[in-house]
Amino acid sequence: MNTTLFIRITGQVQGVGFRPFVYQLAIKHQLSGWVNNSLEGVHILVSGKEEELDEFVQELKTEKPAIAWISEFSVEPAPFQDFPDFRIVKSNREGSGQLVLTPDLAICPSCRAELRDPENR
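These numbers come from a predicted model, not from an experiment.

About the criteria used
Residues numbered from 1 in each chain as written. Predicted model: local features only at pLDDT ≥ 70, side-chain atom pairs only at ≥ 80, totals over all residues. Heavy atoms only, no water. Helix = DSSP H or I, 4+ residues; strand = E, 2+ residues; numbered from the N terminus. Contact = heavy atoms within 4.5 Å. Areas by Shrake-Rupley, 256 points an atom, 1.4 Å probe, with all protein chains shown as cover. Salt bridge = Lys/Arg side-chain N within 4 Å of Asp/Glu carboxyl O. Buried < 20%, exposed > 50% of the residue type's maximum accessible area, 1.4 Å probe, protein only. Patch = residues over 30% accessible without salt bridge, like charges linked within 9 Å, V, L, I, M, F, W, Y side chains within 5 Å. Lys, Arg positive; Asp, Glu negative; His and termini not counted. Charge placed at Lys NZ, Arg CZ, Asp CG, Glu CD. Expected span 1.5 Å × (residues − 1). Pairing = 2+ DSSP bridges. 1 Å grid on protein atoms, 1.4 Å probe; cavity = no way out; pocket = protein on both sides within 12 Å on 5 of 7 lines; lining within 4 Å. Points joined across faces, edges and corners; volume = space filled by probe spheres on them. Arc of directions from axis to C-beta.

Another aspect to go through is the overall build of the protein. When helices and strands are tallied, the protein shows 3 helices and 5 strands. Shown N-terminal to C-terminal, the secondary structure of the protein runs as helices and strands in the order β-α-β-β-α-β-β-α. Partitioning the contacts of the protein with sequence separation of at least 6, the portion at a separation of at least 24 is 81%. Roughly 7,900 Å² of accessible area belongs to the protein as shown, and the carbon and sulfur atoms make up 50% of that amount.

A positive phi is found at Gln30, a non-glycine position, where the angle reads about 55°. Mapped onto the elements, Gln30 comes out in the loop between α1 (18-28) and β2 (32-37).

In total, this model carries 3 salt bridges according to the counting rule given. A salt bridge links Asp85 to Arg87; its shortest N-O distance comes to 2.9 Å. Given a relative accessible area of 31%, Asp85 falls into the partly exposed group.

Attention now moves to a negative patch on the surface. On the surface, a cluster of negative charge is contributed by Glu50, Glu51, Asp54 and Glu55. By the secondary structure assignment, Glu50 is in helix α2 (residues 50-62). On the basis of relative accessible area, Glu50 is assigned to the partly exposed category, the value being 42%.

Turning next to α2. Owing to its 3.6 residues per turn, the α-helix aligns residues three or four sequence positions apart on the same side. The end-to-end C-alpha distance of α2, which contains 13 residues, comes to 19 Å, matching closely the 18 Å that a straight helix rising 1.5 Å per residue would cover. Every buried residue of α2 is accounted for by Leu53, Phe56, Val57, Glu59 and Leu60. Next to the buried residues of α2 lie β1 (2-12), α1, β3 (42-49) and β4 (69-78).

Two faces, one strand: in a regular strand the side chains alternate between the faces of the sheet. By the criterion of burial, β1 is predominantly enclosed, with 9 of the 11 residues buried. Here β1 pairs with β3 via 8 bridges, running antiparallel. Residue Thr3 lies in a different strand from β3, and its bridge partner there is Gly48. Where β1 meets β4, 9 bridges bridge the pair, whose relative direction is antiparallel. In the strand pairing of β4, Leu5 is matched with Pro77.

Any empty space left between the atoms is revealed when a probe the size of a water molecule rolls over them. The computed volume of the second largest pocket comes to approximately 150 Å³. Of the residues forming the lining of the second largest pocket, the biggest block, 3 residues, is contributed by β3.

This part takes up α1. All buried positions along α1 are accounted for by Phe18, Phe21, Val22, Leu25 and Ala26. Across the axial projection of α1, the buried residues extend over an arc of 135°, all falling on one side. In this fold, the buried residues of α1 make contact with β1, β2, β3, α2, β4 and β5 (86-88). After α1 finishes, the residue Gln30 shows a positive phi value of roughly 55°.

Right under this line is the structure:
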């Protein structure tokens, strides 16, 4: 059975590669929907098979980028939506502004290679 979930994640989840991580995880689990940044953190609206969604949620918590940390993680059922794919969408400026500023960090080798690869946006 297909289900839709709305996930809110706060903490150090912006500027650390969290949205691309969510995107890759959603593709891995054949899920559809979107991820974006908000003033509160990261929001995800995701649809798919319950079994895949359960694994997706667990991996969001355990496989996150190394420099990310989560202070709050909530999952709520949402009305089912059938999305054509999974996307990173434009940031949302609504909310109460609870962002954690990330320290200046050097770019990792895999990110550097990705930036220089014209075939990898």
